[in-house]
Amino acid sequence: MNSTLNEMDKHPRERLLTGENCRFYKTREGLLAAALSDGSYEGRAFLSLAFPFQLTEEYIALQDEDKEEIGMIRRLSDLAEADRELVREELKIKYFTPKIRKILSLTERFGTTRWTVETDRGKQFFVVKDTYKSLIRVSADRLFVCDLDGCRYEIESLKALDRKSFSKIELYV
Amino acid sequence: MRKMPEAIRDKFLEKGIKIESALAVFKTDSTEDRVPCDAYSVVTEEGIATLFCLVALEKRHGAFFARRRPPKRKIEVLDFSFTSLEKVTEIRCEELISGVRLVAREENRDLPLLYATNHCSRALFEFCESFAEYRKTGVFPTPKDGGRGKCPRCGRPYPDPDREVCPHCSRNISLLTKLLPFMKRYRVQIFLVMLTVILTAGMDVLAPYLSGKVLYDDVLTPGGGWYGRILFLVLVVAGANLMAAFSDMINALVVAKVSAFVSYDLKKTIFSAFERLSYGFFTSRHTGKLLTQINTDAETLYTFFCDGLPFFLTNALQLAGVSVVMFITQPVLTLVVFVPLPVVFLGYLFAMRRLKKLHAENYNIHSRFTSIVSDVLGGMRVVKAFSREKEEVKRFDGAARDMSASNVRIANSSRTIMPALNLWVRLTSYVVWGVGGYFVIRGAAQAGTGISYGTLMLFISYLSLIYGPMNFFADFFADLASSLNALQRLFEIVETEPDVKEKENAVTLEKVRGELVFDHVSFSYLPGKKTIKDVSFRVPAGETLGIVGHTGAGKSTLANLLTRLYDVESGSISLDGVDLRDLSFKTLRSSVAIVSQETYLFRGSLMENIRYAKPEATEEEVIAASRAAGCHDFIMTFPDGYDTMVGYDKKLLSGGEMQRISIARAILKDPPILILDEATSAMDTKTERRIQASLAAITRGRTTISIAHRLSTLRDADHLLVMEDGKVVEEGTQEELLERKDGVYATLYRLQLEAMKNIGIEETI
């Protein structure tokens, strides 16, 4: 009810989370949860990376289920050793992206491109619209493809693709 | 929802799931390890059962007829899970980067149900909503079926929810037949085109026959049927050539005229379709892209029908005619001519592909280059402010280098591949000369078996008719594909049904009093995310309602619903007791004026812009409205006064000045209902204060909805509504709201008062 109020009073103060003031654990149902030592929060842990493409073990925000930030983990190594693996595991689930190993076919029809690819999770098919805009170039060699439902696929290294696959996306990169 | 295969059904029955009493059935697409699979879930009153399996269609071996048999499915069950829903209060969809996690919530614990990719997220969000409704009312609403349209012919969902195009069923032929109505009006001209095409092709085949075979064999050879009648032959050949040129000319003239008119027709149809379509269509697409669509697509079609198609028809006919004549005269030599043809054709095809690729690459690099330039020029203030000139020059340098490298690649390819192919064509003709010459010599030695000199000359002149258009043929199919694509896009726009439609026998009100009632209105732009949640209020005719709330609370959406840019999802909005959906567009649009936070000035003079809503307004009325809106004074400081041209250079007017122009526009329209959607947000508080007085005069006796986040804007409102997160959280008069010391409004009031004190304005709001 009073979120307007709260937002205005609260200043964006950063709260750093370390092994001292924050513990992670798994609920009996297998979901990640966190507890702050001062008792200000205990419950499910939702994680968000500030720089998901480059820094996957740094600047990790801990949020509650309304995406309100509880605190930030500056470096994963700041956490207690047992907790690190738990956080890593949850990040893997949230940021899961199939990795494209091979492009089996790529055809353009009516302004959309239709991809059949071999990923680390098996063969997949998807449709991309506005192909140029749907490729997120992270570096000269690494990119993400966004299909029209918002699913992402990663090409870890363009150079590592075989020649046939590369010649299919050459036009778009 | 989707039907499930018989075999899967049996598997559920085996597990004791009462599938016939299922509340919902849905299909998702991944296992817990995020491996693609087919996961079927059945929701019953007891719980939610999910069967994870791999469904493989058995390979059908070759046989064409086997297609008619339904394919056999091989099902491999990976996993089965069952979660009791007895204590579950809520089912939630938690967003992940590429998918969602479905979680059931009990009083103090969360149970993960399944993972799915974003392909299913729409349907899952809808399921969560339905489940919430089920918990509230005890009735499970019938699913809306995913929101994604399905192809009516094959039942497959469209790959792109925004475009109703089924790639399986869109046949190129059906596209062309759709074009027929556009062509129908030009029946006569098209008939003329066909006639001239045939005539041109015929003459082009005949002329070499006369000047080659007939000249050498019949006219110049003693004993030939036409021996010595050279003048006659010259006249006939010249006549044939003249006729070919003449019919070609007529063809070009007619085609140019018809295609220009057809392309004009297309453009007009598209543009009027744009006007007809609802606002939602435009927000889901890029406006710039729409403009390119009108122009480029119509242009592509124009060139295709004007240049490509007639040229193709003429050449194809010619090729056919030439082949027939050649085959009748000398079958063996014909083979010699035709054997290298596929190689040449494929060679051109390869060359075209390669060049197209290079040109596409060049196009990309070029657009990156221009975007860097316009980026830097547009953001020059920022570049200078952070003294980043050097880095920008470096960025520019990199792009420029890439471009020149790409230009070099294009030049290299076209300078090597094309000459090589031309050489190959020439070599082919040498072979024909050689073989043909040999036949001629042998014919001279032993009469009867060889060929005549005239036949050889005929073949040589036909060579250029056959090999000449090959590079065009190779390119033609690519052109055809892009033209069909353009055509597809055009019809898509023409055929889109507007979401917001006028009812057939819509009510037209003679006089609008302006009483507005919102009755339990809900609305969402995206499924699963309600922007307006169950909002009800009433504005008596002539009163002013103020709506307060911070960004994203749904204030502007209320204005969009009121003007029927979108239709409500549930509940109703009525004007003078008539549901907006029953009201004619004319009544609605003429009784509501909106001044919004984003003002748009069309290209033209200020006068024309202010008069936009009422073109017949006199100069006097325009000046009076401008005075009321507080824009008269600054307009008069411009050298050209009301004739000042705007729209070309936005820097001429500040944001606040543009807002005042659009207020003047609304005042001039003089509607019974006025919506001020952050109409004064871009002005400083002092200017706002000045305009407020004139606004007060306008809103008196007129139903006004004033939307603002700054409370000072709303000080004259009769009634206030405080919105938060799509809901009305407080309402009442200003006094009533201020009395609630901890209320949202009272708190906002205090905060804004303090802020005003800080900038030196000490008054009550």
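All figures in this text were calculated on a predicted structure; none of them were measured in a lab.

Conventions we followed
- Residues numbered from 1 in each chain as written.
- Chains lettered and ligands numbered in written order.
- Predicted model: local features only at pLDDT ≥ 70, side-chain atom pairs only at ≥ 80, totals over all residues.
- Helix = DSSP H or I, 4+ residues; strand = E, 2+ residues; numbered from the N terminus.
- Buried ≥ 20, exposed ≤ 12 C-beta atoms within 10 Å, placed from the backbone.
- Contact = placed C-beta atoms within 7 Å.
- Pairing = 2+ DSSP bridges.
- Axes fitted to C-alpha atoms, helices over the stretch in contact; angles between N-to-C directions.
- Parallel < 35°, antiparallel > 145°, perpendicular 65-115°, else oblique.
- Left-handed = near helix turned anticlockwise from the far one by under 90°.
- Nonpolar A, V, L, I, M, F, W, Y, C, P; charged D, E, K, R; others polar.
- Core = buried A, V, L, I, M, F, W, Y, C linked by C-beta atoms within 7 Å.
- pLDDT = per-residue confidence, 0-100.
- Expected span 1.5 Å × (residues − 1).

Student: So what exactly am I meant to see when it comes to the overall build of chain A here?
Tutor: Counting its secondary structure elements, chain A contains three helices and 12 strands. Across the 173 residues in chain A, those meeting the buried criterion constitute 21%. Sequence separation of 24 or more characterises 34% of the internal contacts of chain A that already satisfy a separation of 6 or more.

Student: What is the right way to read the overall build of chain B from this model?
Tutor: Across its full length, chain B carries 22 helices and 19 strands. Counting the 765 residues in chain B, one finds 30% classified as buried.

Student: Would you explain the sheet that holds strand S6 (residues 99-105) of chain B in this entry?
Tutor: For sheets, the rule is that strands pair by backbone hydrogen bonds, running either parallel or antiparallel. All names here are of chain B. With antiparallel pairing, the three strands of this open sheet are ordered in space as S5-S6-S7. Of all the strands in the sheet, just strand S5 (90-95) and strand S7 (110-117) have a single pairing partner and so form its edges. On average, each strand axis in the sheet is tilted by 25° relative to the strand beside it, whichever way the strands run. In terms of strand pairing, S5 meets S6 through six bridges, oriented antiparallel.

Student: Please clarify how the packing of helix H5 (residues 230-276) of chain B against helix H13 (residues 470-495) of chain B should be interpreted in this entry.
Tutor: Packed helix pairs are specified by the crossing angle of their axes together with the interaxial distance, meaning the distance between the axes. Residues and elements named next belong to chain B. At a closest axis distance of 8 Å, the pairing of H5 and H13 adopts a crossing angle of 40°. Our classification of the angle between H5 and H13 gives oblique. Viewed along their axes, H5 and H13 form a crossing whose handedness is left-handed. When H5 is examined against H13, the residues Leu-266, Thr-269, Ile-270 and Ala-273 are found in contact with a partner set consisting of Leu-490, Ile-493 and Val-494. Partitioning the contact of H5 with H13 into residue classes produces six nonpolar, one polar and no charged.

Student: Explanation requested: the sheet that holds strand S12 (residues 578-579) of chain B in the structure shown.
Tutor: Residue and element names in this part refer to chain B. Taken in spatial order, the four strands make up an open sheet running S9-S8-S11-S12, and their pairing is antiparallel. The two strands at the open ends of the sheet, each matched to only one other strand, are strand S9 (532-539) and S12. Relative to S9, strand S8 (residues 516-523) is paired through five bridges, and the arrangement is antiparallel. Looking at S9, one finds that Val-521 is bridged to Val-535. The strands touched by helix H14 (residues 555-562) within the sheet are S8, S9 and strand S11 (570-575), with S8 carrying the most contacts at an inclination of about 115°.

Student: For this particular structure, what's the right way to read the packing of helix H4 (residues 187-219) of chain B against helix H12 (residues 453-467) of chain B?
Tutor: Residue and element names in this part refer to chain B. Closest axis-to-axis distance for the H4/H12 pair is 7 Å, and the angle between their directions is 155°. Relative to H12, the element H4 is oriented roughly antiparallel. Classified by chirality, the crossing of H12 by H4 is right-handed. In contact with Asp-204, Pro-208, Tyr-209, Gly-212, Lys-213, Leu-215, Tyr-216 and Asp-217 of H4, H12 contributes Tyr-453, Gly-454, Thr-455, Met-457, Leu-458, Ser-461, Tyr-462 and Leu-465. Within the contact of H4 with H12, the residues separate by chemical class into nine nonpolar, four polar and three charged.

Student: Just checking my understanding: could you explain the pairing of strand S11 (residues 143-146) of chain A for this structure?
Tutor: Looking down a regular strand, the side chains alternate between one sheet face and the other. All names here are of chain A. When strand S10 (residues 135-137) meets S11, the two strands line up antiparallel, connected through three bridges. Looking at S11, one finds that Leu-135 is bridged to Val-145. Between S10 and S11, which pair antiparallel and follow one another directly, the connecting turn spans five residues. Where S11 hands over to strand S12 (residues 152-155), the hairpin turn is made up of five residues, of which Gly-150 adopts a positive phi near 90°.

Student: Any chance you could explain unusual backbone geometry here in plain terms?
Tutor: Both trends apply: most residues other than glycine have a negative phi, and most peptide bonds are in trans. Residues and elements named next belong to chain B. Non-glycine residue Asp-576 carries a positive phi angle of around 50°. Positioned with a positive phi, Asp-670 is a non-glycine residue whose angle comes to about 55°. Here Asp-670 is to be found in the loop between helix H19 (655-669) and strand S16 (673-677).

Student: What's the story with the nonpolar core in this structure? I'm lost.
Tutor: Nonpolar side chains tend toward joint burial in soluble globular proteins. Residues and elements named next belong to chain B. By size, the foremost hydrophobic cluster in this structure holds 67 residues, and its most contacted members are Val-548, Ala-664 and Ile-675. Ala-664 has contacts with Ile-610, Ala-625, Ser-626, Ala-629 and Cys-631, leaving out every residue within four places of it along the chain. By size, the runner-up hydrophobic cluster in this structure holds 44 residues, among which are Val-193, Met-203, Ala-351 and Leu-490.

Student: It is not clear to me how the pairing of strand S6 (residues 69-75) of chain A should be interpreted in this structure. Could you clarify?
Tutor: Residue and element names in this part refer to chain A. Relative to S6, strand S5 (residues 58-63) runs antiparallel, the two sharing five bridges. What sits directly across from Gln-63, in S6, is Glu-69. Between S5 and S6, which follow one another and run antiparallel, lie five residues, and Lys-67 among them has a positive phi close to 70°.

Student: Would you explain the environment of Ser-211 of chain B in this entry?
Tutor: All names here are of chain B. Relative to the assigned elements, Ser-211 resides in helix H4. Accessibility expressed as a C-beta count within 10 Å gives 21 for Ser-211, which makes it buried. Along the primary structure Ser-211 and Leu-458 are separated by 247 residues, whereas in three dimensions their C-alpha atoms are 8.0 Å apart.

Student: Looking at this model, I keep getting lost on the confidence of the model for chain B. Mind explaining?
Tutor: Low-pLDDT portions of the prediction should not be read for the details of their coordinates. Overall, the predicted model of chain B reaches an average pLDDT of 81, with 88% of residues at or above 70. With a pTM of 0.64, the predicted complex shows an ipTM of 0.88.

Student: Please explain helix H9 (residues 341-378) of chain B as it appears in this structure.
Tutor: Residues lying three or four places apart along an α-helix face the same way, a consequence of the helix completing one turn every 3.6 residues. The end-to-end C-alpha distance of H9 of chain B, which contains 38 residues, comes to 54 Å, matching closely the 56 Å that a straight helix rising 1.5 Å per residue would cover. Regarding H9 of chain B, the residues found buried are Gly-347, Tyr-348 and Ala-351 of chain B.

Student: Just to check I follow, could you spell out the environment of Glu-129 of chain B for this structure?
Tutor: Within the secondary structure layout, Glu-129 of chain B lies in helix H2 (residues 121-137). Residues Glu-129 of chain B and Arg-92 of chain B lie 37 residues apart in sequence; the distance between their C-alpha atoms is 8.8 Å.

Student: Teacher, can you tell me more about the confidence of the model for chain A here?
Tutor: Within chain A, residue pLDDT values average 85, and 91% of them lie at 70 or more. Segment residues 1-11 of chain A is flagged for pLDDT under 50; beyond a separation of four residues in sequence, or across chains, it makes 10 contacts in the model.

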